[in-house]
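# Reading the structure
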Amino acid sequence: MKWIVEQSTEAFNKRSARAIAELIQKKPDSRISFATGSTTKGIYEELVALHQQEALDFSRIEAFVLDEYQGASQTNPASCLARLHAQLFGKVNIDPSRIHSFDSLAEDLHQVAADYERNIAVLGGIDLQILGLGANGHIGFNEPGTPFHAITRVVDVGEETIDARAEMFGARELVPRLGVSLGIKTIMQSGKIYLFANGKHKTSMVEQALLGPITPDIPASVLQLHPELTVIIDQEAAGSLSIPR
Ligand code: GLP
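Because the structure is a prediction, the values reported are computed rather than measured.

## A few points about the sheet that holds strand S4 (residues 67-69)
Sheet architecture is open: three strands sit in the order S4-S8-S7, paired in antiparallel fashion. Both outer strands of the open sheet, S4 and strand S7 (153-156), are each paired with one neighbouring strand and no more. Strand-to-strand twist of the sheet, defined as the mean angle between neighbouring strand axes without regard to direction, takes the value 30°. Sheet topology places S7 next to strand S8 (residues 178-181); four bridges connect them, and they run antiparallel. Paired with Asp-156 across the two strands is Leu-178, which belongs to S8. On top of the sheet, helix H4 (residues 109-122) reaches S7 and S8; it is set at about 125° to S7, its chief contact.

Given below as structure tokens:
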């Protein structure tokens with residue numbers, strides 16, 4: 001596991017975007033799975049800046065949406081796809097035919113999940129998985145208790161996630177109770193994983209997930225087993241933890 005700790009949020013966003021950009025430059029047809037959330041928003045802004053200022057080329061990447069709420073289509077601004085589109089996909093030269101997202105309006109969401117998992121494999125697997133760290137240690141929609149062998153599937157959206165997204169959906173009752181998410185196994189099969197966390201409120205979870213025991217109670221703790229994990233955090237998230245450097 002490689003750690004990068006940046007002093008400010010701005011430096012964190014820039015360094016994180018640079019890390020993603022370096023991978024795209026090295027392998028322009030990278031298959032990348034994108035998380036949404038408050039953590040990645042600033043990082044995606046910096047990626048857009050790299051596209052505008054340094055002509056970072058997204059035209060050959062294959063983009064996968066990490067997770068989605070049931071019934072939230074691209075026209076719903078709270079959907080993961082709409083947010084990714086607003087923050088990144090719509091602002092860079094990504095080929096729309098290379099954006100892979102969940103048909104969250106489909107009647108058979110289980111089939112959608114199975115097809116998504118298969119499609120990832122058919123395309124050759126994910127080169128880079130971009131992850132945020134849930135307040136309870138979730139990754140994607142893989143909530144505490146998820147077995148490590150879980151693949152892409154329909155999931156219950158966790159209570160903490162419902163709380164966290166109430167404002168975005170307009171009210172707690174409006175947050176979908178079901179979602180679809182890449183599984184832990186699917187995530188662990190990625191060539192590389194970048195886990196991003198910023199802010200004081202993440203310190204305790206950074207400690208539990210990355211410096212504590214590996215347990216399904218803290219889904220992100222499984223990432224310790226990944227040979228190509230890079231953790232990029234800001235000083236606030238690092239707090240007074242003794243981060244191995
Ligand atoms: C959400 C999403 C994840 C995200 C995580 C962290 O619920 N399902 O994809 O990475 O929680 O969110 P944030 O960055 O807002 O803390």
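## Details of helix H7 (residues 203-210)
Among all positions of H7, only Thr-203, Met-205, Val-206, Ala-209 and Leu-210 are buried. Down the axis of H7, the buried side of the element spans an arc of 165°, and every buried residue falls inside it. As for H7, its buried residues are in contact with strand S1 (2-6), strand S9 (192-197), strand S10 (229-234) and helix H8 (235-238).

## Some remarks on the pairing of S10
Within S10, six of the six residues are buried, which leaves it mostly tucked inside the rest of the structure. Side chains of S10 alternate between two faces, with Leu-229, Val-231 and Ile-233 and Thr-230, Ile-232 and Asp-234 buried alike. Of the pairings in the sheet, the one linking S1 to S10 comprises five bridges and is parallel in character. Bridged to Glu-6 within S10 is Asp-234. In this sheet, S10 lies alongside S9 in parallel orientation, the contact comprising five bridges.

The rules behind each value
Residues numbered from 1 in each chain as written. Predicted model: local features only at pLDDT ≥ 70, side-chain atom pairs only at ≥ 80, totals over all residues. Heavy atoms only, no water. Pairing = 2+ DSSP bridges. Helix = DSSP H or I, 4+ residues; strand = E, 2+ residues; numbered from the N terminus. Axes fitted to C-alpha atoms, helices over the stretch in contact; angles between N-to-C directions. Contact = heavy atoms within 4.5 Å. Buried < 20%, exposed > 50% of the residue type's maximum accessible area, 1.4 Å probe, protein only. Arc of directions from axis to C-beta.

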